[in-house]
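Coordinates in review
Given next are the chains, with one letter for each unit.
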Amino acid sequence: MTADPVSPVPRSVHREAPPAVTAMVRLIQDSWAKAEPYLPEVTQFFYGMLFTLAPATRDFFPINMEVQRNRMVRALVHVVQMVDQPDDLVPFLRQLGRDHRKFGVIPKHYEAIGTALLAAMRAQLGPDWTPDVERAWAEAFTIIARQMQEAAATDTNPPSWSAVVADHRRLSWDLAMVRVEPDEPIPYRPGQYVSVEVPQRPRLWRYLSPANAPREDGSLEFHVRAVDGGWVSRAIVSHTQKGDVWRFGPPLGRLHVDRESGRDVLMIAGGTGVTPLQAMLDNLQQWGDNPRVRLFYGGRTREDLYALEGLRMLASCNPWLTVTPVIERGPGVAGCEQGTLADVVTRHGAWPGHDVLVSGSPAMIRATVSRMLVAGTALDQIRYDPFTID
C-alpha cells in the first residue's frame, strides 16, 4: 500500500452505511486516536513484524526506509477508516489492487500486512485492544484486501510499463517538462494519473498526471515541480537525462469530462495540478461540439502559472473554453482575479448545472471543496481524486 490519502473533505452522500459498519468504523477511529500519538513506535513494530513474516516484502520499499517513514501505516489506517464509504473507497481499492501488481504482491503478502498492522496496534494499545476492537480492525482489513486481490486477479494488462525519456526541459529553476516514449502504449484516459519509478530513486514510486491526451506515438508529457523534501520530484527536475528508463504502474483516477451529460464544466486547478485538466482539454479540442468549460487556474504568484500562455492559446481557438487566472499575491496578469482559488470560485456562486473537477495539492482540494459546499454546491457535482502522493 503506497498511497498517501488526502485527508477527507465531507463524506460521500451516495449511500448510508449499515449500522454494524458504522459501529465498526467508530471502534477503529476511537482506538486509532489512542495509538496515533505513538505513530513512530507503531510504525517500527509494523515493519519489523512485516519483514519477519514476509521477508520478500522488504523489496517493495526503498533502500533508505527513513524516506518511507510513517507513510504506509498512515495510508493503511486512513483506508481502514473509510470502509463505511464504499462509493468512494471501492473504486480506489480496485485501482490500487491493480497498481500493486507491479510489486509482485501475492495473497500471502496481504495476510502478512494485515497481521503486522493488527500486531502493531495490539502492542501499543495494551488493555485497550479488546476483542471487539480487534474484530473491527480485522474485518475492515479483510474487506480492503479482498477488493484489491479480486481486482488484481482479473486485470489482463501488464503489471507495469517501461518508457524512455525522450526530452527533459527546465521550464524554471524548480519546474521541468519531461516527455517519455513507452515501449508499448499505456491505456490511460485523459485526466488519469500513473505511478512512476525513476532510476535516480529506485523503489520510490510517485504519482504523476500526463498533461496530454493519448497520442498516436504513445508519448506522455509530465510537468514536475521540485518540492521541499521531495526526493523524487527534485531528482526528476535536476537529474533526469534523455535515455533514462522510467517504469509506470497502471492508470488510476476517475476525473473525466462527460460530454453527453448536457452539463457545463467547471475546472479548478492549482499549480501543476493543472496537468490532468490539460489532458482533458487536449482531448476535447478534437471535437467541435463540447460543453462549455470554465477553468480557474491558480497560484500564489504569477510565476506559478507556467501553463497560462498555452491555455489561453487553446481558448482562443475553442470558444467553449474560458480561462481565468487566479493569483493570491503580488502583481497580477491581464484578466486575473485576486485571492485563493476557494475565495475566487465561490464569489461566482454555487455553480448549479455544472460538473466540478478539482485538481491540486491536498490542502488546495480540501479548502476549495469545503468552501464550495458552504457556498451551496452539491457534493455530487464535485469530482476530485482523493488519494495522492507527495
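As shown above, the structure is provided for reference.
Here's what I pulled together on the structure shown here. (Residues numbered from 1 in each chain as written. Predicted model: local features only at pLDDT ≥ 70, side-chain atom pairs only at ≥ 80, totals over all residues. Heavy atoms only, no water.)

**Here's the deal with the sheet that holds strand 10 (residues 321-327)**
We apply this condition: Strand pairing is assigned whenever DSSP detects at least two bridges linking the two strands. Only DSSP runs of H or I covering at least 4 residues are called helices, and only runs of E covering at least 2 are called strands; the numbering of each starts at the N terminus. A contact between two residues is defined here by any heavy atoms of the two lying within 4.5 Å. Note on geometry: axes are lines fitted to C-alpha atoms, helical ones only across the stretch in contact, with angles between N-to-C directions running from 0 to 180 degrees.
With parallel pairing, six strands are arranged side by side in an open sheet as 11-10-9-8-12-13. If you trace the sheet from one side to the other, it starts and ends with strand 11 (337-338) and strand 13 (382-383), each paired once. Summarising the sheet, strand 10 and strand 11 pair through two bridges and their orientation is parallel. By the bridge assignment, Ile-327 is partnered in strand 11 with Gln-338. Strands strand 9 (293-299) and strand 10 of the sheet are contacted by helix 10 (residues 308-317), whose axis makes an angle of about 155° with strand 10.

**A word on the nonpolar core**
Formally: Take the buried residues of types Ala, Val, Leu, Ile, Met, Phe, Trp, Tyr and Cys, join any two whose side-chain atoms come within 4.5 Å, and each joined set is a nonpolar core. Throughout this description, buried means an accessible area under 20% of the type-specific maximum (1.4 Å probe, protein chains only), exposed means over 50%, and partly exposed covers the range between.
The biggest cluster of nonpolar side chains holds 49 residues, and the ones touching the most others in it are Trp-32, Phe-46 and Trp-137. Contributions of two or more residues to this core are made by helix 1 (19-35), helix 2 (39-53), helix 4 (71-80), helix 5 (86-99), helix 6 (107-125) and helix 7 (131-154). Ranked by the residues each element gives to this core, the list is headed by helix 6, at nine residues. Discounting residues that sit within four places of it in the chain, Trp-137 has contacts with Ile-28, Ser-31, Trp-32, Val-77, Val-80, Leu-117, Leu-118, Met-121 and Trp-129.

**Re the side chain of Gln-192**
Defined as follows: Throughout this description, a polar contact denotes any pair of N or O atoms lying within 3.5 Å of each other; where both atoms belong to protein, one of them has to be capable of donating a hydrogen while the other can accept it, and for residues adjacent in sequence the pair is counted only when both atoms sit in side chains.
Positionally, Gln-192 belongs in the loop between strand 3 (175-182) and strand 4 (194-197). Its relative accessible area of 5% is what places Gln-192 among the buried residues. A polar contact is formed between the side chain of Gln-192 and the backbone nitrogen of Arg-189, at a distance of 2.9 Å. Among the polar contacts made by the side chain of Gln-192, one reaches the main-chain carbonyl oxygen of Gly-253 at a distance of 3.1 Å. Aside from chain neighbours lying at most four places away, what touches Gln-192 is Gln-95, Pro-187, Ser-209, Pro-210, Pro-251, Leu-252 and Gly-253.

**Some points on unusual backbone geometry**
One non-glycine residue with positive phi stands out, namely Arg-203, at about 70°. Inspection of the secondary structure assignment puts Arg-203 in the loop between strand 4 and strand 5 (206-208). Phi is positive for Trp-351, which is not a glycine, with a value near 60°. As for its placement among the helices and strands, Trp-351 is situated in the loop between helix 11 (341-347) and strand 12 (354-359).

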